[in-house]
Amino acid sequence: MSDARPYALVLYGATGFTGGLTARYLSCHLPRDVRWAIAGRHRDGLEKIAAALEQRGHRPDLLIACSDDDTSLDAMAARTRVLASTVGPYVRHGEPLVRACISQGTHYCDLTGEPEFVNRLLLEHHAAARDAGCAIVNSCGFDSIPYDAGVLFTINRLTQAHGRPLDQPVTVEGALTASAEFSGGTWHSALEAFARPGANRDSLRRANEQLRRDYPRQVATVPFRARRDADLGGWLAPLPTIDPMVVLRSARALERYGPQFRYGHYLASGNPLKLGLGAAAVGALIGAAQVGPLRRWLLQRRPAGEGPDAATRARSWFQVRLRGRCGDSEVLCRVSGGDPGYDETACMLAETAMALALDPGQPRDIGVITPVMALRDQLLERLINAGIRFEEIHESSG
């Protein structure tokens, strides 16, 4: 990729709620000698963001581009080494930007938690991205970095405990506990995904067929059984998110995950009634999203571009407990941080984009890939330096 490009990094979608937080993070953490830009369709909104950033950090340049204007997307992608996008729902708005990045040989990262979108990219753009020499890195926020990077951290600690490379089947289970609110953009993306169960199932089936050809290592999910597990944080329920798909793709690609790898993904709570009610609510939401009038009503309840205030975010937190096993070796690890859906998501996306743009030897892989496939241990190093906690914990299961 030519160093003649004027920008190391462009953030597309800076006028949205999460995009604005990401722009603020970049403004405070990018080196002052690095040129960067924010992009979107409305100059007035970008000007306001840039003026606010100038008061506290590193002012970006402005670029005008629109997701339904391929010429503007190509021009934007051609001017930067890395393009980070916060514009969702990605299944509706994301693919033209990915095509533009591939056509210009530009690295790309986003915040998507939409399985259909990621599977579509794998099926239709993985080979082209590899030919172009660019990394298309999805799910670089709370979906799915705490799990993707958390499992890598667990594998590293399990390898140390095992005393040699993992030469037997490996099982990792992860369980989330959190207290947080979610943005209008996240709400819209979730409803879009829930509304298309058939398309999601078909894209997953076809993507898994391709992944088995491209990455033939053996991976699988852990069959779920209802139980209380003190190590993982209490009563467990299955968590139907994109995260297991991301973790298993990283496990397919990296030999350090052992000759066979399984992953289980859960929500944990000390209160089984609360957990059951939450699962019922998610099931009802999935059903409602498939009924057009109900889905439109739900979309109107929380407009895109809105999110919780700073005081609410300051009270928010997340924790993911991860247990890894290989033969007689076992480790228990934890990933934790502050507000998951906004402040930490902005941090995770920004650190991923900066690593792709600035760190020597990155990315480590190309094509449509996961954060861990792209950055390996450099992702862990950046996140730890940014204040997200990765630790091995030692306590009795009681």
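Since we're looking at a predicted model, the values are computed, not measured. (Residues numbered from 1 in each chain as written. Predicted model: local features only at pLDDT ≥ 70, side-chain atom pairs only at ≥ 80, totals over all residues. Heavy atoms only, no water.)

(A) Layout of the overall build of the chain. Regarding its fold elements, the chain presents 16 helices and 15 strands. On C-alpha atoms alone, the chain measures out to a radius of gyration of 20 Å, which is about the 21 Å that the 2.2 N^0.38 rule sets for 398 residues. With the C-alpha coordinates of the chain rotated into their principal frame, the extents come out at 55 × 50 × 40 Å. Burial status across the chain gives 55% buried among its 398 residues. Taking the contacts inside the chain whose residues are at least 6 apart along the sequence as the reference set, 78% of them involve residues at least 24 apart. Of the accessible surface of the chain, which amounts to about 16700 Å², a share of 49% is contributed by carbon and sulfur atoms. Once the 46 positive and 44 negative side-chain charges of the chain are each reduced to a mean point, those two points are 3 Å apart. (Helix = DSSP H or I, 4+ residues; strand = E, 2+ residues; numbered from the N terminus. Rg over C-alpha atoms; globule rule 2.2 N^0.38 Å. Buried < 20%, exposed > 50% of the residue type's maximum accessible area, 1.4 Å probe, protein only. Contact = heavy atoms within 4.5 Å. Areas by Shrake-Rupley, 256 points an atom, 1.4 Å probe, with all protein chains shown as cover. Lys, Arg positive; Asp, Glu negative; His and termini not counted. Charge placed at Lys NZ, Arg CZ, Asp CG, Glu CD.)

(B) Just the pattern of salt bridges, in detail. Using the criterion set out here, one finds 22 salt bridges in the structure. Glu 47 serves as the salt-bridge partner of Arg 59, at 3.5 Å between the closest nitrogen and oxygen. On the criterion of sequence distance, the pair formed by Arg 59 in the loop between helix 2 (43–56) and strand 3 (61–64) and Glu 47 in helix 2 is long-range, its members being 12 residues apart. Shared partners join several salt bridges into a network, and the residues in it are Glu 173, Arg 227, Asp 229, Asp 231 and Arg 323. (Salt bridge = Lys/Arg side-chain N within 4 Å of Asp/Glu carboxyl O.)

(C) Summary view of the packing of aromatic side chains. Applying the stated criterion across every chain, the model contains 7 aromatic pairs. For the ring pair Tyr 90 and Phe 117, a centre distance of 5.7 Å and an interplane angle of 35° mean the geometry is tilted. Here Tyr 90, found in helix 4 (residues 90–93), pairs with Phe 117, found in helix 6 (residues 115–132); they are 27 residues apart in sequence, far enough to count as distant. Taken as a pair, Tyr 90 and Phe 117 share a single burial class, namely buried. Between Phe 142 and Phe 318, the ring centres sit 5.3 Å apart and the planes meet at 70°, which makes this aromatic pair edge-to-face. Linking Phe 142 in the loop between strand 6 (135–137) and helix 7 (145–162) with Phe 318 in strand 12 (residues 317–326), this pair joins segments that are 176 residues apart in sequence. Here Phe 142 and Phe 318 have matching classes, each one buried. An aromatic cluster is present here, built from Phe 142, Tyr 147 and Phe 318 joined pairwise through their rings. (Phe/Tyr/Trp six-rings, centres within 6.5 Å; stacked < 30°, edge-to-face > 60°.)

(D) Fine view of the environment of Ala 280. Assignment of secondary structure puts Ala 280 in helix 11 (residues 272–289). Through-space distance from the C-alpha of Ala 280 to that of Tyr 257 is 34 Å; in sequence the pair is 23 residues apart.

(E) Region of interest: the nonpolar core. One finds Met 76, Ile 136 and Phe 261 to be the most contacted residues of the largest nonpolar core, which totals 103 residues. When residues of this core are assigned to their parent elements, the largest contribution, 9 residues, is made by helix 14 (residues 343–358). In this structure, Phe 261 is in contact with Val 151, Ile 155, Val 170, Val 172, Gln 218, Val 219, Ala 220, Val 247, Leu 248 and Ala 251, ignoring residues within four places of it in sequence. (Core = buried A, V, L, I, M, F, W, Y, C linked by side-chain atoms within 4.5 Å.)

(F) Structural context of the packing of helix 1 (residues 17–29) against helix 14. Axis separation between helix 1 and helix 14 bottoms out at 8 Å; the angle between their running directions is 55°. In terms of their interaxial angle, helix 1 and helix 14 are classed as oblique. Every pair of crossing elements has a handedness; the one defined by helix 1 and helix 14 is right-handed. Between helix 1, through Thr 18, Leu 21, Thr 22, Tyr 25, Leu 26 and His 29, and helix 14, the contact on the second element is made entirely by Asp 343, Thr 345, Ala 346, Cys 347, Leu 349, Ala 350, Glu 351 and Met 354. Tallied by class, residues from the contact of helix 1 with helix 14 come to 8 nonpolar, 4 polar and 2 charged. (Axes fitted to C-alpha atoms, helices over the stretch in contact; angles between N-to-C directions. Parallel < 35°, antiparallel > 145°, perpendicular 65-115°, else oblique. Left-handed = near helix turned anticlockwise from the far one by under 90°. Nonpolar A, V, L, I, M, F, W, Y, C, P; charged D, E, K, R; others polar.)

(G) Representation of the state of the cysteines in the model. Counted by the stated rule, this structure contains 0 disulfides. Cysteine Cys 140 is unpaired, with the sulfur of Cys 109 as its nearest cysteine sulfur at 5.0 Å. Between Cys 333, a free cysteine, and Cys 326, which holds the nearest cysteine sulfur, the sulfur-to-sulfur gap is 14 Å. The buried category is assigned to Cys 333, whose relative accessible area is 0%. (Disulfide = S-S within 2.5 Å.)

(H) How the structure looks around the pairing of strand 5 (residues 107–110). The alternating pattern of strand 5 places His 107 and Cys 109 and Tyr 108 and Asp 110 on opposite faces, both of which are buried. Bridge count for strand 4 (residues 80–85) against strand 5 is 4 bridges, and the pairing is parallel. Its bridge partner lying in strand 5, Leu 83 is registered against Tyr 108. Pairing analysis gives 2 bridges linking strand 5 to strand 6, with the strands arranged parallel. Opposite Cys 109, over in strand 6, you have Val 137 as the bridge partner. Handedness of the β-α-β unit built from strand 5, helix 6 and strand 6 comes out right-handed. (Pairing = 2+ DSSP bridges. Right-handed = clockwise from strand over helix to strand, strands pointing away.)

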